[in-house]
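# Structural description and commentary
What follows is each chain in one-letter form.
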Amino acid sequence: MKRYDLRHLKENFAGRMSEIIKNEAAHGEVLIFLFEIGDFSPVQQSADLVKELGCELMNSLKFNEADWTIVVKK
């Protein structure tokens, strides 16, 4: 299980998240991503991306007032 903090990327986190899932994660590995939510559209964007990449979204929850955490299994 690895944790990736993508908050520094602001709304541009999806490309890096996709790259990590495709190129850095092993099949069956569980990944934790932390990103900023802003207007909440990144929450749906992240769920759509996980589905598009053929992975399982195991959990999705608000981390604090500005951040969101998702747990993905490749």
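Structure shown above.
Described in the following lines is the structure provided in the data block. (Residues numbered from 1 in each chain as written. Predicted model: local features only at pLDDT ≥ 70, side-chain atom pairs only at ≥ 80, totals over all residues. Heavy atoms only, no water.)

### A closer look at the overall build of the protein chain
- Across its full length, the protein chain holds two helices and four strands.
- Beginning at the N terminus, the succession of helices and strands in the protein chain can be written as β-α-β-α-β-β.
- Since a compact globule built from 74 residues should have a radius of gyration of about 11 Å, the 11 Å found for the protein chain is in line with a globular shape.
- Expressed as a percentage of the 74 residues in the protein chain, the buried residues total 39%.
- Put simply, of all contacts in the protein chain between residues at least 6 apart along the chain, 62% involve residues at least 24 apart.
- For the protein chain, the accessible surface area stands at approximately 4,400 Å², while carbon and sulfur atoms represent 50% of it. (Helix = DSSP H or I, 4+ residues; strand = E, 2+ residues; numbered from the N terminus. Rg over C-alpha atoms; globule rule 2.2 N^0.38 Å. Buried < 20%, exposed > 50% of the residue type's maximum accessible area, 1.4 Å probe, protein only. Contact = heavy atoms within 4.5 Å. Areas by Shrake-Rupley, 256 points an atom, 1.4 Å probe, with all protein chains shown as cover.)

### Notes on the nonpolar core
- Counting 19 residues, the largest nonpolar core has L6, M17, I21, F33, F35, I70 and V72 as the members making the most contacts within it.
- Sorting the residues of this core by element identifies α1 (13-24), β2 (30-36), α2 (41-52) and β4 (67-73) as the ones contributing at least two each.
- Looking at this core, the element that brings in the most residues is α1, giving five residues. (Core = buried A, V, L, I, M, F, W, Y, C linked by side-chain atoms within 4.5 Å.)

### Overview of the packing of α1 against α2
- Interhelical geometry of α1 versus α2 gives an angle of 25 degrees and a closest axis separation of 11 Å. As summarised for this structure, α1 and α2 are arranged roughly parallel, according to the angle between their axes. In this structure, α1 meets α2 at a crossing whose hand is right-handed. Residues F13, A14, M17 and S18 of α1 form the contact with α2, whose own contacting residues are P42, Q45, S46, L49 and V50. (Axes fitted to C-alpha atoms, helices over the stretch in contact; angles between N-to-C directions. Parallel < 35°, antiparallel > 145°, perpendicular 65-115°, else oblique. Left-handed = near helix turned anticlockwise from the far one by under 90°.)

### Quick word on the pattern of salt bridges
- This model, assessed by the stated rule, comprises six salt bridges.
- Two residues, R16 and E19, come together in a salt bridge whose shortest N-O distance is 2.9 Å. Placement of the pair is R16 and E19 together in helix α1, with a separation of three residues, close to one helical turn.
- Its relative accessible area of 29% is what places R16 among the partly exposed residues.
- Between E24 and R16 there is a salt bridge; the shortest N-O distance is 2.9 Å.
- Taken together, the shared-partner salt bridges connect D5, R7 and D67 into one network. (Salt bridge = Lys/Arg side-chain N within 4 Å of Asp/Glu carboxyl O.)

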